[in-house]
Structure formats: structure tokens, C-alpha cells
Amino acid sequence: MPSMNAKQRAAAEALKYVRSDMVLGLGSGSTSECFIIALGEAFQSGKFSNLRCVPTSVQVENLARKYSLPIIRLEECGVVDLAVDGADEIDPRLNLIKGLGAALIREKIIEQNSRRFICIADSSKLVQKLGTKGPLPVEVIPFAHQTHEAFFHSLGGTPRLRSREDGSPFVSDNGNYIYHLTFSEGITSPQDLDRKLHSRAGIVGTGLFISMAEMAIIATESDIRILHHR
Ligand code: 5RP
């Protein structure tokens, strides 16, 4: 068997928390895809029965269907037993930045309706302070979206509208636009920033996932660490 990279190792560890009869939330991004592949292979080999999966994006839904994983809508099940998803940044309190894969809103809706949310990542995602490695994604409705830019600046963030290769705005699975906010000194108070962003009409949601992950499985090429929310 070929050796596993860190993302695959984190995904394989998360598989240990899956049981037959569970409703699973499937995250988006390359680490989550490693989990879906491992889950799909285990499911096809008969290791689990009666799984139902709630995907956080069209892309992972298509991947799950390749393995014949049963797909269910969140409205049909109401509650997810276990969500497994990656992150872009993870701080020591297990607060996260997510959404560079553009699935932040569906991920947050599914994860806030999950009994357990396990974050899986390679160790490059660990930070002391959120916002120090990459931008914070913020999803907005297209209407008058340019008017948010001054507001983002007033919060200390430098906004850039996510765009496609041809320069047109990137459109999320929800039909919205996404701004990436860069904070030169990182994000001092994620809770405060999240509250301010949510108070503005036209902003649909942010990539700040505060106190949502119960644990994080952090892998390197050679070891695995389990971090717990505190
Ligand atoms: C998608 C996400 C992803 O979980 C995040 O971007 C991490 O992706 P990757 O596992 O490819 O590094 O939030 O919206």
C-alpha cells in the first residue's frame, strides 16, 4: 500500500469515529475529500451499513456519489451525528477559519446542526492567531456588494473580491459573491469581528467557526495529535 500523506492520515484517523447507521456531514476541500474517499472505500467494502451523508458542496456530493454513499438533505434528517471537515487555520482554542474552498455557508449550517464536529488537517493549519496565514472569506449577496468595502476597511481588513480566471466574480453554490479579507496583524478578537460582520445587511456569513469544533485531528507525515476544544 502506498504511504499516506498527512491529509490522508488525518482522514483515516477520523474514520475511526464513524459507525453504521450514522448521518454524516461531509466537508469540502482536499482534506475532506481524503476522508470521503476513505469513507467510500470502507462503505463499499461492507464495513458500514445504513450511512446517510449530508454534503457541504456540489463538488463533494459528486465525489460521494462515485462511491454510492447515500445522500440525504439536511432538512430530511434535521440533525447530523458527525461532521468531518477541514480548515484553513486552527487556533489553540480550536476556533477556525474556513471557506477558502468557498463552501463556508453550507459547512457552517451543517456543522451547527451536528452532534459532533471533528476538524481534520495537516499541521500547517495550526496558528497562534487567526488571520495570520491567510484571508478570512466573507460571503455577501451580489446586490450593491461594493458598498461593503469601506466597512471591511473600517474593521481593519483589506478586501479582495474572489474572482474567476476571466476576472468575473466567483459565484458560490448559493449564488453569492465572496470577499477575502486580509488582516495585516491577524484577527485580535474573532468573536467581536464575527459579530460586527454579521450585523451588516447583505453579509450572509463568515468563515469564522467559533467554538464549533469539538476536536481536531492534526497529522504530519509521521504522527497524529488530537486537540480538544477548551
Ligand atoms: C472549504 C473549506 C476547507 O475545509 C478548507 O479550505 C481547507 O481545505 P483543504 O483541506 O483543501 O486545505 O473550508 O470551504
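The shown structure was predicted, so the numbers you read here are calculated from the model rather than taken from an experiment. (Residues numbered from 1 in each chain as written. Predicted model: local features only at pLDDT ≥ 70, side-chain atom pairs only at ≥ 80, totals over all residues. Heavy atoms only, no water.)

K.L.:
Help me get a handle on the layout of surface pockets, residues and values and all.
P.N.:
Reported here for the second largest pocket is a volume of approximately 260 Å³. Around the second largest pocket, the lining comprises 16 residues; the ones closest to its centre are Val 54, Pro 55, Leu 74, Arg 106 and Ile 110. Of all the secondary structure elements, the ones that give two or more residues to the lining of the second largest pocket are strand S2 (52-55), helix H3 (58-66), helix H4 (74-77) and helix H5 (104-112). (1 Å grid on protein atoms, 1.4 Å probe; cavity = no way out; pocket = protein on both sides within 12 Å on 5 of 7 lines; lining within 4 Å. Points joined across faces, edges and corners; volume = space filled by probe spheres on them. Helix = DSSP H or I, 4+ residues; strand = E, 2+ residues; numbered from the N terminus.)

K.L.:
Provide a residue-level description of the packing of helix H2 (residues 30-44) against H3, including the pertinent values.
P.N.:
One can describe the packing of H2 onto H3 by two numbers: an axis separation of 9 Å at closest approach and a directional angle of 25°. When the interaxial angle is binned, H2 and H3 end up roughly parallel. Between H2 and H3 lies a crossing of right-handed hand. Contacts between H2 and H3 involve Glu 33, Ile 36, Ile 37 and Gln 44 from the first element and Gln 59, Val 60, Leu 63, Ala 64 and Lys 66 from the second. Considering only residue class, the contact of H2 with H3 consists of five nonpolar, two polar and two charged. (Axes fitted to C-alpha atoms, helices over the stretch in contact; angles between N-to-C directions. Parallel < 35°, antiparallel > 145°, perpendicular 65-115°, else oblique. Left-handed = near helix turned anticlockwise from the far one by under 90°. Contact = heavy atoms within 4.5 Å. Nonpolar A, V, L, I, M, F, W, Y, C, P; charged D, E, K, R; others polar.)

K.L.:
Lay out the domain arrangement of the chain with the relevant residues and their values.
P.N.:
On domain assignment, one finds that the chain holds domain 1 (6-125 + 210-228) and domain 2 (136-205). Averaged C-alpha coordinates put domain 1 and domain 2 at centres separated by 25 Å. On the side of domain 2, 17 residues touch domain 1, which itself brings 14 residues to the contact. At the boundary of domain 1 with domain 2, total buried surface from both sides reaches about 1,200 Å², with 62% on carbon and sulfur atoms. It is Ala 102, Ile 105 and Ile 210 that lose the most area in domain 1 upon contact with domain 2, and together they represent 39% of the buried surface on that side. Here domain 1 is connected to domain 2 by zero salt bridges. Among the elements that make up the side of domain 1 that touches domain 2, the one with the highest residue count is H5 (four residues). (Domains from an automatic or database assignment. Buried area = accessible area lost by both parts, 1.4 Å probe. Salt bridge = Lys/Arg side-chain N within 4 Å of Asp/Glu carboxyl O.)

K.L.:
A description of the environment of Phe 143 should follow, citing residues and the corresponding values.
P.N.:
By the element assignment, Phe 143 lies in the loop between strand S7 (136-140) and helix H6 (148-154). The class for Phe 143 is exposed, based on a relative accessible area of 69%. Distance in space between the C-alpha atoms of Phe 143 and Leu 155 is 21 Å, their sequence separation being twelve residues. (Buried < 20%, exposed > 50% of the residue type's maximum accessible area, 1.4 Å probe, protein only.)

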